[in-house]
Structures are given as C-alpha cells and as structure tokens.
Amino acid sequence: MLSLDEYVSFIEAMGGTGAHSTLKRIYDGYNSPEDRGELKVEPVDWQDYMMRQAVSQRYYLSISGRPKTISYNFSVGYQKKDGIVRQTGAEQYTVRLNVNKQVSKKFQVGTKLNLAHVSSSMTQGMSTTRLDAASSMMRSMLVSRPFMGIGGTVIDDEDDDYDEFRSTPARWLGDFNSLRKEYRVTPHIFAEWKIFKWLEFKSAFGGDYRLQERTKWKGWTINNGTDGSVSSVMSSNTYRWNWDNTLNFNKKIRKHRINATLGMATSLSKNSIDVIEGWNIPEYKAQHHNINAAVNTRIAYTESAVSENSFFARAMYNYADRYLLTATCRVDGSSKFVKANRYSVF
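Just so it is clear, the structure is predicted and the values come from calculations on it, not from any experiment.

> Can you help me understand the packing of aromatic side chains in this one?
Each aromatic ring pair is specified by the distance between its two centres and by the angle formed by the two planes. Using the criterion set out here, one finds nine aromatic pairs in the structure. For the pair Tyr59 and Tyr78, a centre-to-centre distance of 6.2 Å together with 20° between the ring planes defines the contact as stacked. Taken together, the positions of Tyr59 in strand 4 (residues 56-65) and Tyr78 in strand 5 (residues 70-82) put the pair 19 residues apart, joining distant regions of the chain. Taking relative accessible area as the criterion, Tyr59 reaches 48% and is therefore assigned partly exposed. Here the aromatic rings of Tyr319 and Tyr323 are separated by 6.3 Å at their centres, their planes lie at 25°, and the arrangement is stacked. Among the residues examined, Tyr319 registers a relative accessible area of 31% and is labelled partly exposed.

> Help me out: how do you make sense of unusual backbone geometry in this one?
With the exception of glycine, the majority of residues adopt a negative phi angle, and the majority of peptide bonds are in the trans configuration. With a phi close to 70°, Gln87 is a non-glycine residue in the positive phi region. Within the secondary structure, Gln87 sits in the loop between strand 5 and strand 6 (89-102). Phi at Asn280 takes a positive value of approximately 60°, unusual for a residue other than glycine. Note that Asn280 resides in the loop between strand 12 (256-279) and strand 13 (296-319). Looking at Asn280, the relative accessible area reads 26%, which means it is partly exposed.

> Would you mind going over the environment of Glu277 with me for this structure?
Along the chain, Glu277 falls in strand 12. Residues Glu277 and His289 lie twelve residues apart in sequence; the distance between their C-alpha atoms is 12 Å.

> Is there a simple way to think about helix 1 (residues 4-14) in this case?
Side chains that are three or four residues apart share a direction in an α-helix, a result of its 3.6 residues per turn. Within helix 1, the full set of buried residues consists of Leu4, Tyr7, Val8 and Ile11. The buried residues of helix 1 occupy one face: seen down the axis, they fall within an arc of 100°. Across from the buried face of helix 1, at angles greater than 90 degrees, the exposed residues are Asp5 and Ala13. Elements that come into contact with the buried residues of helix 1 comprise helix 2 (17-26), strand 1 (27-28), strand 2 (38-39), strand 3 (41-43) and strand 8 (147-149). Following helix 1 by one or two positions, Gly15 adopts a phi angle in the positive range, close to 70°.

> What's the story with the pattern of salt bridges in this structure? I'm lost.
Working definition: two side chains of opposite charge can pair if their charged atoms are close together. Inspection of the entire model under this criterion finds five salt bridges. Residues Arg330 and Asp332 are paired through a salt bridge, measuring 2.9 Å at the closest nitrogen-oxygen approach. Exposure remark for Arg330: the relative accessible area of 35% places this residue in the partly exposed category. Beyond isolated ion pairs, a larger network of salt bridges with shared partners links Arg180, Glu182 and Arg210.

> Looking at this model, I keep getting lost on the packing of helix 1 against helix 2. Mind explaining?
Contact geometry of helix 1 with helix 2 gives a least axis separation of 9 Å together with a crossing angle of 150°. The angle between helix 1 and helix 2 falls in the class roughly antiparallel. Two packed elements cross with a definite hand, and for helix 1 against helix 2 that hand is left-handed. Facing helix 1, whose interface residues are Leu4, Tyr7, Val8, Ile11 and Glu12, helix 2 presents Ala19, Thr22, Leu23 and Ile26. Of the residues contributing to the contact of helix 1 with helix 2, the split by class is seven nonpolar, one polar and one charged.

> When you look at a nonpolar patch on the surface in this model, what are you seeing that I'm missing?
On the surface, Leu61, Ile63, Ile70, Tyr72, Phe74, Val76 and Leu97 cluster together to form a nonpolar patch covering roughly 560 Å² of accessible area. In terms of residue count, the dominant contributor to the nonpolar patch is strand 5 (four residues). Topologically, Leu97 is positioned in strand 6.

> I tried to follow the pairing of strand 13 on my own but got confused; where do I start?
Consecutive side chains of a regular strand alternate in pointing toward one face of the sheet and then the other. Relative to strand 13, strand 12 is paired through 24 bridges, and the arrangement is antiparallel. Residue pairing for strand 13: Arg257 is matched across the bridge by Asn318. Sheet analysis places strand 13 next to strand 14 (residues 323-334), joined by twelve bridges and oriented antiparallel. Bridge assignment links Arg314 to a residue of strand 14, and that residue is Thr328.

> Can you walk me through the nonpolar core in this structure?
In globular proteins that are soluble, nonpolar side chains generally tend to be buried together. Counting residues in hydrophobic clusters, the biggest one holds 13 residues, and the most contacted among them are Trp46, Met50 and Met137. For this core, the element with the highest residue contribution is helix 5 (residues 169-175), accounting for three residues. When sequence neighbours within four positions are dropped, the list of residues in contact with Met50 reads Ile84, Val85, Arg86, Met137, Met141, Pro169 and Leu173. Within the second largest apolar cluster, eleven residues are counted, among which are Ala19, Ile26, Tyr30 and Val41.

Parameters at a glance
- Residues numbered from 1 in each chain as written.
- Predicted model: local features only at pLDDT ≥ 70, side-chain atom pairs only at ≥ 80, totals over all residues.
- Heavy atoms only, no water.
- Phe/Tyr/Trp six-rings, centres within 6.5 Å; stacked < 30°, edge-to-face > 60°.
- Helix = DSSP H or I, 4+ residues; strand = E, 2+ residues; numbered from the N terminus.
- Buried < 20%, exposed > 50% of the residue type's maximum accessible area, 1.4 Å probe, protein only.
- Arc of directions from axis to C-beta.
- Contact = heavy atoms within 4.5 Å.
- Salt bridge = Lys/Arg side-chain N within 4 Å of Asp/Glu carboxyl O.
- Axes fitted to C-alpha atoms, helices over the stretch in contact; angles between N-to-C directions.
- Parallel < 35°, antiparallel > 145°, perpendicular 65-115°, else oblique.
- Left-handed = near helix turned anticlockwise from the far one by under 90°.
- Nonpolar A, V, L, I, M, F, W, Y, C, P; charged D, E, K, R; others polar.
- Patch = residues over 30% accessible without salt bridge, like charges linked within 9 Å, V, L, I, M, F, W, Y side chains within 5 Å.
- Areas by Shrake-Rupley, 256 points an atom, 1.4 Å probe, with all protein chains shown as cover.
- Pairing = 2+ DSSP bridges.
- Core = buried A, V, L, I, M, F, W, Y, C linked by side-chain atoms within 4.5 Å.

And the structure:
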C-alpha cells in the first residue's frame, strides 16, 4: 500500500482539477509540488491500523479414572483466538464426558457427551441481498487514502467523485459487525454383546444438535448504496440422529476362515433457518438490536428434512491364507426420492 508521500506523488502525476482539490485537503495552501504548504492531515498505514498480532489461548482440565468395571473421563476446556483484524476473533467453551461400563465378561455399555459454545466476530458473515456488497473491511485498506485528520479524526470523503473512498477502515471498525453464536450438543451411547467367541453384536445411537444465531450490521457511513444502515438476524436449528447395528461373524475351521457382517443404519436430519433483514434503519447506535425500526424489511424461512435407511451384508472366505473370496451387497434408501424409486441395490 502507498505511503502518504507516495500517494501525493501519484496524485500530482495524475494532475487535473480533482487532483488539485485533493491535495489542498492534505496541505494548507497547496500550489505546486515545489510549494505544498503545511501538512494538515496525519499519515496512516491502514494495514497497521487494521491489523494486529493475534494471540491464541488454550486451557484444559481433565479428570479420568478406572474404578473396577467402570472407566470415565471428564474434561472442560476454554479456547480464545484473536483475529489478525482488530475486533475479530473466536471464543469457545467445551465440556466432554466419556463413561464405559463392563457389565459382564460378554457385555459392555458406554456413553459419550460433548457440549460446546462458540462465539465469534468476523469480517464477513452470512450472505443476504444487501449485506453482500462488493466493498468490504479488507478492501477498504487498499482503496482508502493513507491519511486521517489531525488527532486521528476520521475524514469523510462524501464530496469526492469516487464512492469507494467514502468508507475508510476506521469507519468499518466502528460501524460494522458480524457476530455468531453457536450451541452444540452431541450425545452418543453404545452397547457391545459378545454372544459367542465367534459372534458379536454392536449397537450405537448418536445425535447432533446445533443452534446458531448470527447478526450482521453495516451502518450508513460505510454503505455506499441507497439503503442506509442495513442489518440482518439469522437463526438456524439443525439436529440429526443415527442408529447403527451390526452382527459380526468370525470363525476359523482348520484352513477355512469365514468373516461375515450383517448390518443396518438409519438416520434422520432436520434443518430450519429464519432470516430477517432490514434496511434504511434510522437509529444506528443500537446497531442490529434496532432492526425492528427498519423502514424496509425482508423475512425468509426455509426448512428441510431427510431420512435415510441402509441394509448391508459382507462375507469373506479365506482358504489357507492364500485364497480370498469376497461378496458384498448393500441396499440404500433416501427420502429425497419418490417412493417408487426410493431404494437402490448395490
């Protein structure tokens, strides 16, 4: 990026009335390159102004044990990452619990539970009609003029012919945010039954629930369009569960070994998204909290649900550890297809 001296030399080389008026804003009494007058702005390197050295922190506490027939592991964690762009970063809290119980020599059960909360501030967020503009916080570092007012005050370039100079990085830091919060729960339980030495049954049930909330604000000082201050709020709910069952056969008789698996898997996933967007918001200090005051609004809602079923079988025959014969078959079905064509055999 250009320094102030390089920028001034560039403007002087371009010439024209527009260049002369720009240079008069930088110098008091500017007449020519040889007679620039006193500097009345402060040079600024927008990359240094916007960027920083990012610090990452991680803290974990874990407790585990194995008293007799039970084993457990419990842990809590905290992680914080600063973004290299000021006012960006992510913070995460996690809780994990694993418990296994050996009920008998042939039967054991267990569970796993993960909880997480993530919050982040980003330079960009979800795309909506009026918030997906070509200009951005990062782009403003490249196109903004390398100076500020005396004392670090922000100079608005509304009088210029080039709209891209209106939104300086200082304005982006103060009048833009993209925030995300997510809550996630992933439970899991399983059971294993060794019926015989050569026959084993396994069953596992798991789930995944995610709740996301995203808010985005772009104030009128950085919005070059005619929509004034713009904001959006999004809420997303996603959950999924799956149940897997397998029966494993593994037996050797002299030089013959047979390994076979029978199984089934079923799952269901649902997702819903609510989006509210508002523009021409008169009150900007509360930012996205004042979206209900928007002159114009747009509301959108989408949802989807998909269920899947699978049945599979596999057999392997091994003779003398030299010859191998394998056979597999699988039947998959999905609710995405019509009933007449829902299942396929592979």
